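Chains, contacts and geometry: an overview
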Amino acid sequence: MSEPVAPIEGGLYVIASENCYKIVKVLKVEKDIVHVRIYKNRFEKVPGRVDPITLDLGTIHDKDGFGIGHTPTSRRAFASWNPQFLQHGLVEPDELDGYNEWKEAGGGVWG
């Protein structure tokens, strides 16, 4: 059995989702929490690389689905997705808006 993937801030990971693959970006890592962004983009097979500019969150009004800008996830839940590290990127300040609001509100954690 392989070791769980250690989340890295700015890391882009591939996860399997409903007959496709999706990209998850780690925004922030805390002791027991991994803050992620889940893009709406879908891939038929695991991509070798992605251009971050092509990744999109979309909106709830999009017929082809939407992503999630910020999800505070337990490390256990993150590991259960069996994420595959794809590549490293930067976390832009505006990507942390949801995290900052969550922190200010004393929000909960998924999983």
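A few points on the structure. Note that the coordinates shown come from a computational prediction; the quantities given were computed from them, not determined experimentally.

**Brief notes about the sheet that holds strand β3 (residues 33-38)**
Pairing within the open sheet is antiparallel, and its 5 strands lie in the order β4-β3-β2-β1-β5. Taken across any chain shown, the strands that pair with only one partner, and hence form the sheet edges, are β4 (68-74) and β5 (84-88). Taken over all neighbouring pairs, the strand axes of this sheet differ in orientation by 35 degrees on average, direction set aside. Two elements, β3 and β4, share 5 bridges in a ladder whose sense is antiparallel. Residue His35 lies in a different strand from β4, and its bridge partner there is Pro72. Across the sheet, helix α2 (residues 97-105) lies against β2 (20-29), β3 and β4, angled at about 50 degrees from β4, the strand it touches most.

**What to know about the side chain of Lys25**
On the secondary structure map, Lys25 appears in strand β2. Owing to a relative accessible area of 7%, Lys25 belongs among the buried residues under this scheme. Setting aside its immediate chain neighbours within four residues, Lys25 contacts Gly10, Gly11, Leu12, His35, Val36, Arg37, Tyr39, Leu90, Val91 and Glu95.

**Section: the nonpolar core**
With 9 residues, the main nonpolar core is built from Tyr13, Ile15, Val24, Val26, Val34, Val36, Ile38, Phe78 and Trp81. The element that contributes the greatest number of residues to this core is β3, accounting for 3 residues. In this structure Val36 touches Val24, Lys25, Val26, Leu27, Gly69, His70, Thr71, Thr73, Phe78 and Trp81, once residues within four positions along its chain are discounted. By size, the runner-up hydrophobic cluster in this structure holds 7 residues, among which are Val14, Ile23, Tyr39 and Leu55.

**Overview of the pairing of strand β1 (residues 11-17)**
For β1, a buried count of 5 out of 7 residues is recorded, marking the element as mostly surrounded by other parts of the structure. In this sheet, β5 lies alongside β1 in antiparallel orientation, the contact comprising 4 bridges. Note on β5: the bridge partner recorded for Val14 is Gln84. Pairing of β1 with β2, which is carried by 6 bridges, proceeds in the antiparallel orientation. Bridge assignment links Ile15 to a residue of β2, and that residue is Lys22. Counting the residues in the hairpin turn of β1 and β2 gives 2 residues, including Glu18, whose phi is positive at 45 degrees.

So, how was this worked out
Residues numbered from 1 in each chain as written. Predicted model: local features only at pLDDT ≥ 70, side-chain atom pairs only at ≥ 80, totals over all residues. Heavy atoms only, no water. Pairing = 2+ DSSP bridges. Helix = DSSP H or I, 4+ residues; strand = E, 2+ residues; numbered from the N terminus. Axes fitted to C-alpha atoms, helices over the stretch in contact; angles between N-to-C directions. Contact = heavy atoms within 4.5 Å. Buried < 20%, exposed > 50% of the residue type's maximum accessible area, 1.4 Å probe, protein only. Core = buried A, V, L, I, M, F, W, Y, C linked by side-chain atoms within 4.5 Å.

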